[in-house]
Amino acid sequence: MADVGGTLGFDDIAIDGVLPRDLPPFIPQTDGSAVTSLDEHLAWPAYAVGLRRVFSPTSHTLFPRFEDAGAHGALALSPSQRAVLVGYGEDPLVEGFWSRRTRDRLVERVAAQGWDLVLACNFSIYGNWPRVEHLLNMRRSLLLAQEFSEAGVPAAPNLYWYRLEDLRRWAEWAADAPPAAVAINAQTVRENANWDSWLLPGLYWLAENLPADLPIIITGLSRADRITTTVELFGSRLTVISQNAHQYALHGAVMGPNGREDRHARIPDAFRATVQYMASLLPARRPQ
């Protein structure tokens, strides 16, 4: 309780900042290497990287490569391209980041790497955990987003929920102190049962009850039908981040209208085809 400020409420937290200009509706997530070959003949406006590529899941230290070169340098981005840090990972990774963030000044050091947007960690909410753990973890995501914002990086908290009252708390907080965006992690929702019984009903509720102009960032959507459904709910304020393009490309495969297609293509060609297809499922944005 001391770690989260002695309260489980949300009303003392405000996350300032604005999203980067010209953020595309679809952002491919890569492995943290230079995107020079992947970006061949593509010049995509933004790339995302997961936390485990920046913060070691074993030693719980920041990798020197990103500290030395910065996010844009490590990814070999042009000045106009954006770098997004997806602060999601398995429990040991995100718990390690939380535990060491103050002692090792992790938030300030990550901010110094020059990320254009950070999605705050996805602290878990399991059904068989004590209820207080749910409340602590929801508040921790808000606090971490606030800390990044105060360090000068636009940040979005991760929204998890277990009960309807959780969704109501998120909506009340967002209406009172609108952040630059909110983020939702769909990476672990692979089975249709979890999608139909938990994530999709929550998305419907949030679509109707969050501020109508609040940007929504969903990470991990990898099926055309699910992307289409979320577009119907959130329209042009939706941003999707996915690893599919990179993962498929490593095997020469692409994602298309019929799902995965094994073409034995060059990695840059396969990557470009999937990025362009997934982007086509999302509505274009007006230039800012």
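Our structure's up above, just so we're on the same page.
Read on for an overview of the structure.

**Quick look at empty space enclosed by the protein**
Per the counting criterion, the structure on display carries 1 cavity of 30 Å³ or more. Considering only enclosed or pocket space, the largest cavity measures out at about 30 Å³ in volume. Lining the largest cavity, in full, are Leu51, Leu85, Gly87, Phe97, Val118, Leu119, Ala120, Cys121, Leu144 and Phe148. Taken together, the elements giving at least two residues each to the lining of the largest cavity come down to strand 4 (117–119) and helix 4 (131–150). Of the residues belonging to the lining of the largest cavity, the class tally is 9 nonpolar, 1 polar and no charged.

**A short note on the nonpolar core**
Membership of the largest hydrophobic core comes to 91 residues, with the highest contact counts inside it found for Phe97, Trp115, Trp173, Ile184 and Ile218. With 8 residues, the single largest contributor to this core is helix 4. For Ile218, the residues in contact, after removing those within four places along its chain, are Ile184, Ala186, Leu203, Thr230, Phe234, Leu238, Thr239, Val240 and Ile241. By size, the runner-up hydrophobic cluster in this structure holds 14 residues, among which are Leu23, Ala46, Leu119 and Ile241.

**Here we look at the sheet that holds strand 4**
Strand order across the open sheet formed by 8 strands is 5-4-3-2-1-8-7-6, with parallel pairing between neighbours. On the outer flanks of this sheet lie strand 5 (155–156) and strand 6 (182–185), each paired with one strand and no other. Both strand 2 (residues 46–50) and strand 3 (residues 82–86) contribute to a ladder of 5 bridges, which runs parallel. Residue pairing in the sheet places Gly50 in a bridge with Val86 of strand 3.

**As for the packing of aromatic side chains**
Applying the stated criterion across every chain, the model contains 10 aromatic pairs. Ring geometry for Tyr47 versus Phe271: centroids 6.2 Å apart, planes at 15 degrees, classification stacked. Of the two residues, Tyr47 is situated in strand 2 and Phe271 in helix 9 (residues 267–280); the sequence distance between them amounts to 224 residues. Judged by centre distance (6.3 Å) and plane angle (20 degrees), the rings of Phe97 and Phe148 are stacked. Taken as a pair, Phe97 in helix 2 (residues 91–100) and Phe148 in helix 4 lie far apart in primary sequence, 51 residues in all. By the burial criterion, Phe97 is buried, and Phe148 matches it. Against the face of Phe66 rests Arg65, its NZ or CZ located 5.1 Å from the ring centre. When the ring centre of Trp98 is taken as reference, the NZ or CZ atom of Arg101 above it lies at 3.6 Å.

**Some thoughts on the packing of helix 4 against helix 5 (residues 164–176)**
The description of two helices packed together rests on the angle between their axes and the distance between the axes. Interhelical geometry of helix 4 versus helix 5 gives an angle of 25 degrees and a closest axis separation of 12 Å. Of the possible angle classes, the one that applies to helix 4 and helix 5 is roughly parallel. For the pair helix 4 and helix 5, the crossing hand works out as right-handed. Contact residues: Arg131, Leu135, Met138 and Leu142 in helix 4; Glu165, Asp166, Arg169, Trp170 and Trp173 in helix 5.

Calculation notes
Residues numbered from 1 in each chain as written. Predicted model: local features only at pLDDT ≥ 70, side-chain atom pairs only at ≥ 80, totals over all residues. Heavy atoms only, no water. 1 Å grid on protein atoms, 1.4 Å probe; cavity = no way out; pocket = protein on both sides within 12 Å on 5 of 7 lines; lining within 4 Å. Points joined across faces, edges and corners; volume = space filled by probe spheres on them. Helix = DSSP H or I, 4+ residues; strand = E, 2+ residues; numbered from the N terminus. Nonpolar A, V, L, I, M, F, W, Y, C, P; charged D, E, K, R; others polar. Core = buried A, V, L, I, M, F, W, Y, C linked by side-chain atoms within 4.5 Å. Buried < 20%, exposed > 50% of the residue type's maximum accessible area, 1.4 Å probe, protein only. Contact = heavy atoms within 4.5 Å. Pairing = 2+ DSSP bridges. Phe/Tyr/Trp six-rings, centres within 6.5 Å; stacked < 30°, edge-to-face > 60°. Lys NZ or Arg CZ within 6 Å of the ring centre and 35° of its normal. Axes fitted to C-alpha atoms, helices over the stretch in contact; angles between N-to-C directions. Parallel < 35°, antiparallel > 145°, perpendicular 65-115°, else oblique. Left-handed = near helix turned anticlockwise from the far one by under 90°.

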